[in-house]
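What the coordinates show
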Amino acid sequence: MPEYRIIPKPEWYEEKEGSIVVPLAAEELCPAGDASDAGPIQRVTDRTLEPEAYVLTVSDSGIEIRASEDTGAFYGMVTLKMILMQAEKKGDQKIVRCLRISDRPRYSYRGVSLDESRHFFGTETVKKLLDQMAFLKLNTFHWHLSDDQGFRIESKLFPRLNSVGSRRACAGLRGCGLEHRGGEYFHYYTQEEIREIVAYAKVLHIRVIPEIDLPGHTSAILAAYPEYACDLDGTPRRFSVTSEAGIFDAILCAGGDAAMEFADRLFSEICPLFEAEYFHIGGDEALEGHKIWAQCPRCRALQEEQGLRSRKELQGFYMTRVGELLKKYGKKAIVWNDCINDSFSQDITCQYWIADNAGEVQRQSRMRDVILSLTEYFYFDYKYGKLPLEKVYSFDEERIGFGGEDQRVIGLECENWTEYIDTPEALEFGLYPRIAAFAEVSWTRRGRREYRDFQERLAWYLSYLDSEGINYSRIADGSYRNTDPYVFHRGVDGEEFLQNEKLKLQY
């Protein structure tokens, strides 16, 4: 086994005879430093290498990082940082063995999501997560900022989105065995804070994709502006920011112009805050809202006018219109797979989270880009008893029907929903160390991966998490009992897992 334990595992790793002495200060240059100014560390531009790829060479004459662009050089520095952290220390220097690493990512999209509608974590927690993402070569932060339980981004055009939509009656959500608790909950990011986090991520070569969930999951929006809901009988419906977990029938009206004009103006304000080419518009779990559309004269008229056969097709028409709005601001739309069908424009990316329409998504993957984030592999709010580390690592897209060369899978994403996760410590418990397995699955090709080898390298990574003060889970494996209703992780330290399930621990 190589002396240096690197996660995600590189495509090619070869140790050679000899070593080089490097000053300790060089370690501080990684991962955000400039290799060209790093003394013995030299960057070389090599246009033959793919984007994000790098070649790291340590010889007795120096350290060289070859890459075609800045991101590849950055990842070379990240790998070098892992090596320097593990290298033998001698006084104020490190002794690094000679080696050559040639590396490139399996997928161009390697994402981590964070839901801050249900629970809000703040700038420092997000930055800490971004740091750890960069350390594992993860390049996309999907930021869920709007849902039934709160609107978490400042709007100056629509101030009630914050004065009303960012505020709910209870901090803790009722559901899944929990009750309301904690009193009023009022949080959102200012536009300046958004810019600060986007800029911070950019230095780490991470793009930030916001999500404003439409047309469903809009209780917070409609609590602030109920006029954008369907008018069923001339009496405006009343909405509130929900303090419960669940699926609700709050939905924006598809048939009137006002709700679409609202979305357009909101995008005109929010899109410039984010540099990423994508914008997530949700679209999931809208079936309860479809019942409202069925009663709405304007929605029924639009469906008939467009020759649409169902409310699902009406949603496709609606989401395509929203996607066209985003194009005006230089963005491409992403939607969740449970709403996808042929009525959606083919330039909308499908994010596959639930297998209810697996065959349809497989078919759609031949005509549109797809991101894979299946609940059974990548939902890190699930207990370790339901989603153990080894299950994350076992992911194989061929096994779930996405191994075809003609299928347009652009990457993977792990999800962190926070209905029952309300502290940074609880968030870390669900994320770590599963995020390391996810990073390797999304970066390293299947033929290079083996779980026992990963566990050996993971031992060093866990010691690194200790040094960073990260509250990672010591639960390595377990068996999920289907009779246990508590699917989701709800504990800071994992104690409830030990009470509810028989688990094998690893410390």
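This text follows the structure it describes.
Everything quoted here is computed from the prediction, not taken from an experiment. (Residues numbered from 1 in each chain as written. Predicted model: local features only at pLDDT ≥ 70, side-chain atom pairs only at ≥ 80, totals over all residues. Heavy atoms only, no water.)

Quick look at unusual backbone geometry
- Note that the residue after L214, namely P215, is joined by a cis bond; omega there is -10°.
- Residue P433 follows Y432 across a cis peptide bond; omega there is 10°.
- Topologically, P433 is positioned in the loop between α13 (424-431) and α14 (434-443).
- You will see that K137, though not glycine, has its phi angle at about 65°, which is positive. (Helix = DSSP H or I, 4+ residues; strand = E, 2+ residues; numbered from the N terminus.)

As for empty space enclosed by the protein
- Summed over the entire model, instances satisfying the criterion amount to one cavity of 30 Å³ or more.
- Approximately 30 Å³ is the volume attributed to the largest cavity.
- Lining the largest cavity are E227, Y228, A229, C253, G256, A258, A259 and R298.
- Broken down by class, the residue content of the lining of the largest cavity amounts to five nonpolar, one polar and two charged. (1 Å grid on protein atoms, 1.4 Å probe; cavity = no way out; pocket = protein on both sides within 12 Å on 5 of 7 lines; lining within 4 Å. Points joined across faces, edges and corners; volume = space filled by probe spheres on them. Nonpolar A, V, L, I, M, F, W, Y, C, P; charged D, E, K, R; others polar.)

Observations concerning α14
- In terms of residue burial, α14 counts as a mostly covered element, since 10 of its 10 residues are buried.
- Restricting attention to buried positions, one finds in α14 the residues R434, I435, A436, A437, F438, A439, E440, V441, S442 and W443. (Buried < 20%, exposed > 50% of the residue type's maximum accessible area, 1.4 Å probe, protein only.)

Things to note about the pairing of strand β8 (residues 140-147)
- Among the eight residues that make up β8, eight are buried, leaving the element largely enclosed by the rest of the structure.
- Across five bridges, strand β7 (residues 109-115) lies against β8 in parallel orientation. Each residue of the ladder has a partner; that of S113, found in β8, is H142.
- The parallel pair β7 and β8, bridged by helix α2 (residues 123-135), forms a crossover whose chirality is right-handed.
- One ladder, built from six bridges, connects β8 with strand β12 (residues 207-214); its direction is parallel. Its bridge partner lying in β12, H142 is registered against I209.
- For β8 and strand β9 (residues 150-151), the ladder comprises two bridges, and the chain directions are antiparallel. Across the sheet, the residue bridging to D147 is G150, located in β9. (Pairing = 2+ DSSP bridges. Right-handed = clockwise from strand over helix to strand, strands pointing away.)

Details of the side chain of H489
- Locating H489 in the fold gives a position in the loop between β18 (475-478) and α16 (495-500).
- Within polar-contact distance, the side chain of H489 engages the backbone oxygen of A426 at 2.8 Å. (Polar contact = N/O pair within 3.5 Å; in protein donor to acceptor, adjacent residues only side chain to side chain.)

Details of the pairing of strand β14 (residues 332-336)
- Of all five residues in β14, four are buried, a share of seventy percent or more.
- Bridge count between strand β13 (residues 278-282) and β14: three bridges; the pairing is parallel. Across the sheet, H280 pairs through a bridge with I334, a residue of β14.

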